[in-house]
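Residue strings, one per chain:
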Amino acid sequence: MVSPLGSAVAVPRLVIAAPSSGSGKTTVATGLMAAFTAAGHSVSPHKVGPDYIDPGYHALATGRVGRNLDSYLCGTELIAPLFAHGAHGCDLAVVEGVMGLYDGASGSGELASTAQVAKLLRAPVVLVVDASSQSRSVAALVHGFASFDPEVRLAGVILNKVGSDRHEELLREALDESGVPVFGALRRVRQVSQPSRHLGLVPVAERSAEAVESVAALAEQVRQGCDLEGLLALARSAPALDVEPWSPRAALGQGMVTASAEDARPVIALAAGPAFTFSYAEQAELLTAAGAEVVPFDPLRDEQLPDGTRGLIIGGGFPEVHAPELAANERLRKSVAELALAGAPVAAECAGLLYLARELDGKPMCGVLDADARMTERLTLGYREAVAVSDSVLAPAGTRVRGHEFHRTAIEPGAGALPAWGMHRPERRVEGFVQQGVHASYLHTHAAALPAAAHRFVERCAQWTAR
């Protein structure tokens, strides 16, 4: 709920954290979201960090779009406003952390850590502890995390992967001495494990029916093993935030594109479906606020772009998994190539870059770029700082951005395109492609951090006329 003044946001909230990756944060956070939703609450789901996959499970659990809170990509000043925007109209918010509670951007202190986001949101933290190989030592572990930063309110523990009733009893006895309450104990259960592959969990869009069953099982496990009433009371103890919710219109300022009566709102086709699941909700919201009509399409199934398309956005995902099907949709590939060749604005991130290449692992793609892509054994992962080295449909040269890379592919470019970005963190190099109206790169960015890019893209779409 939001106060009548509009500046104090009083949404009950919890941050679900862990000592390290693999402790069960996603299991517990998704289960809590689903259990609270089933109990009649309107739950706002959030994820700390840049991850695209977990928010898909959060959305399935709550029926609301999952949103990211990343202080590296967006800046600390946007965390609370973005949270308030996503939580509008909800009576509870659950925020899943990233990695370990105090882990963030390498070499940047607490920046982008779950702990930092919890402090910015003034939210109580519940620590999910993998208790499978410990008993009394759990108290020392929890004590260390609770005392490391006095500004972080570590207010409870949920024990995960508990082996037996006796094991649970030993763990609870040990934690009685720590003064940190236990809000639940979950047994090791095979049926709620989530399948994963080279970039993490398999996205919801690729296993929709199975994912529904999995989330329902998580909800039941959490309902049986956790003190939901106690957790709800803890969430309600979070103080009001003195913050104005983020608004795409306000973020754009005067950046609204006014189309002519004949053209109406320019149609921007947005790639979606199982092969292209990586996007942040704020991107479409900003494009719409800037004056566009955003129309999703599925490159695996749709044989043509939406009627009247004047711009194309292809985000991240798993084209390498779906390369045969993407290659088989020859009509759409030709349609994309024709649009790009005609100079229409096209923005592609990571998977979109691969789709615009000549081929991917030997399978024909759109051929917009003189480049070939392939899977590799090397994982490229991490935050990046970059500067635009070429004018493009997204930004003028010299624009500085923060982003992240997340892929196991490599691309071998030919001639004919300018680079998109000059990377200067963590190493110096140029990356990506700019040619005609195309901007294609491995770099993922968050639209809320650069609303001018949405305005610029929509403006170029409104100006473009098909030959």
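This text goes with the structure placed above it.
Basis of the calculations
- Residues numbered from 1 in each chain as written.
- Predicted model: local features only at pLDDT ≥ 70, side-chain atom pairs only at ≥ 80, totals over all residues.
- Heavy atoms only, no water.
- Helix = DSSP H or I, 4+ residues; strand = E, 2+ residues; numbered from the N terminus.
- Rg over C-alpha atoms; globule rule 2.2 N^0.38 Å.
- Buried < 20%, exposed > 50% of the residue type's maximum accessible area, 1.4 Å probe, protein only.
- Lys, Arg positive; Asp, Glu negative; His and termini not counted.
- Charge placed at Lys NZ, Arg CZ, Asp CG, Glu CD.
- Pairing = 2+ DSSP bridges.
- Axes fitted to C-alpha atoms, helices over the stretch in contact; angles between N-to-C directions.
- Contact = heavy atoms within 4.5 Å.
- Phe/Tyr/Trp six-rings, centres within 6.5 Å; stacked < 30°, edge-to-face > 60°.
- Salt bridge = Lys/Arg side-chain N within 4 Å of Asp/Glu carboxyl O.
- Parallel < 35°, antiparallel > 145°, perpendicular 65-115°, else oblique.
- Left-handed = near helix turned anticlockwise from the far one by under 90°.
- Nonpolar A, V, L, I, M, F, W, Y, C, P; charged D, E, K, R; others polar.
- Expected span 1.5 Å × (residues − 1).
- Arc of directions from axis to C-beta.
- Core = buried A, V, L, I, M, F, W, Y, C linked by side-chain atoms within 4.5 Å.

Student: Describe the overall build of the protein chain, listing the residues and the values that go with them.
Tutor: Regarding its fold elements, the protein chain presents 15 helices and 23 strands. Against the globule reference of 23 Å for 467 residues, the protein chain gives a C-alpha radius of gyration of 23 Å, in line with a compact fold. Along the three orthogonal principal directions, the C-alpha set of the protein chain runs to about 75 × 50 × 40 Å. The burial tally for the protein chain puts 57% of its 467 residues in the buried class. Distance between charge centroids for the protein chain: 2 Å, based on 40 positive and 51 negative side chains.

Student: Tell me about unusual backbone geometry, residues and numbers included.
Tutor: Positive phi outside glycine occurs at lysine 161, with the angle close to 60°. Within the secondary structure, lysine 161 sits in strand S7 (residues 154-162).

Student: Which residues make up the sheet that holds strand S22 (residues 433-435), and what are the values?
Tutor: Spatially, the 6 strands line up as an open sheet ordered S13-S12-S14-S15-S23-S22, and their pairing is mixed. Strands with a single pairing partner mark the edges of an open sheet, and in this sheet they are strand S13 (293-297) and S22. Strand-to-strand, the axes of this sheet are offset by a mean angle of 15°, without reference to chain direction. Bridge count for S22 against strand S23 (residues 438-441) is 3 bridges, and the pairing is antiparallel. By the bridge assignment, phenylalanine 433 is partnered in S23 with alanine 440. Contacting strand S12 (267-271), S13 and strand S14 (309-314), helix H11 (residues 281-289) runs over the sheet at an angle of about 140° to S13. Along the sheet face, helix H15 (residues 451-463) touches S12, S14 and strand S15 (346-349) and points at about 145° away from the line of S14.

Student: Break down the sheet that holds strand S3 (residues 43-48) for me, with residues and values.
Tutor: Read from one edge to the other, the open sheet built from 7 strands follows the order S4-S3-S5-S2-S6-S7-S8, with strand pairing classed as parallel. Taken across any chain shown, the strands that pair with only one partner, and hence form the sheet edges, are strand S4 (67-69) and strand S8 (182-187). Pairwise comparison of adjacent strand axes, ignoring direction, gives a mean angle of 25° for this sheet. Relative to strand S5 (residues 92-96), strand S2 (residues 13-17) runs parallel, the two being bridged by 4 bridges. Looking across to S5, one finds that valine 15 is bridged to valine 95.

Student: Pulling in residues and values, what's your account of the packing of aromatic side chains?
Tutor: In the structure shown here, the tally under the stated rule is 8 aromatic pairs. Seen in terms of ring centroids, phenylalanine 276 and tyrosine 355 are 5.6 Å apart; in terms of plane orientation they differ by 65°. Their pairing is edge-to-face. Of this pair, phenylalanine 276 sits in the loop between S12 and H11 while tyrosine 355 sits in helix H14 (residues 351-356), and the two are 79 residues apart along the sequence. Neither phenylalanine 276 nor tyrosine 355 differs from the other in exposure class; each is buried. Aromatic pair phenylalanine 278 and phenylalanine 406: ring centres 6.3 Å apart, planes at 20°, arrangement stacked. Of this pair, phenylalanine 278 sits in the loop between S12 and H11 while phenylalanine 406 sits in strand S19 (residues 400-413); the two residues are 128 residues apart in sequence, bridging distant segments of the chain. Neither phenylalanine 278 nor phenylalanine 406 differs from the other in exposure class; each is buried.

Student: Would you mind going over the pattern of salt bridges in detail, with residue names and values included?
Tutor: Tallied over the entire structure, the rule returns 24 salt bridges. A salt bridge links arginine 358 to aspartate 370, with the shortest nitrogen-to-oxygen separation between them at 2.3 Å. Linking arginine 358 in the loop between H14 and strand S16 (359-360) with aspartate 370 in the loop between strand S17 (363-364) and strand S18 (371-388), this pair joins segments that are 12 residues apart in sequence. Arginine 358 sits in the partly exposed class, given a relative accessible area of 37%.

Student: Got a sec to walk through the packing of helix H1 (residues 25-38) against helix H2 (residues 53-62)? Specific residues and values, please.
Tutor: Packed helices, taken two at a time, are described by their axes: the angle between them and the distance between them. Contact geometry for H1 and H2: axes closest at 8 Å, N-to-C directions at 20°. Between H1 and H2, the angle is such that the two are roughly parallel. For H1 against H2, the interelement crossing comes out right-handed. In this structure, H1 uses Thr26, Thr30, Met33, Ala34 and Thr37 to contact H2, whose residues at the interface are Asp54, Tyr57, His58, Ala61 and Thr62. Considered class by class, the residues forming the contact of H1 with H2 number 4 nonpolar, 5 polar and 1 charged.

Student: Help me get a handle on helix H7 (residues 165-176), residues and values and all.
Tutor: Spanning 12 residues, H7 covers 16 Å between terminal C-alpha atoms, matching the ideal 16 Å at 1.5 Å per step. The complete set of buried residues in H7 reads His167, Glu168, Leu171, Ala174 and Leu175. Down the axis of H7, the sector holding all buried residues measures 130°, keeping them to one side. Exposed positions of H7 whose direction lies more than 90 degrees from the buried face are Asp165 and Asp176. Contacts from the buried residues of H7 go to helix H6 (137-148), S7 and S8.

Student: Which residues make up the nonpolar core, and what values do they have?
Tutor: By size, the foremost hydrophobic cluster in this structure holds 108 residues, and its most contacted members are Leu101, Leu121 and Leu159. If you tally residues by element for this core, the top one is H1, at 7 residues. Non-local contacts of leucine 121, meaning those with residues more than four positions away in its chain, are made with Arg13, Leu69, Ile79, Ala80, Phe83, Val95 and Leu241. Membership of the second largest hydrophobic core comes to 40 residues, among which are Leu300, Val336, Ala342 and Leu369.

Student: Requested: an account of the pairing of S5, with residues and values cited.
Tutor: Strand residues, when the strand is regular, have side chains that alternate between the two faces of the sheet. Of all 5 residues making up S5, 5 are buried, and the element is well covered by its neighbours. Neither face of S5 is open: one carries Leu92, Val94 and Glu96, the other Ala93 and Val95, and all of them are buried. Sheet topology note: the S3/S5 ladder contains 5 bridges and is parallel. When the sheet's bridge partners are listed, lysine 47 is paired in S5 with glutamate 96.

Student: Outline helix H13 (residues 330-341), listing residues and values.
Tutor: Look at H13: 16 Å from first C-alpha to last across 12 residues, which is about the 16 Å you get at 1.5 Å a residue. Residues of H13 that are buried: Leu332, Arg333, Ser335, Val336, Leu339 and Ala340. Projected onto a plane normal to the axis of H13, the buried residues spread over an arc of 160° and lie on a single side. Residues of H13 that are exposed and point over 90 degrees away from its buried face: Arg331, Glu338 and Leu341. Directly after H13, the chain includes glycine 343, whose backbone phi takes a positive value near 90°.

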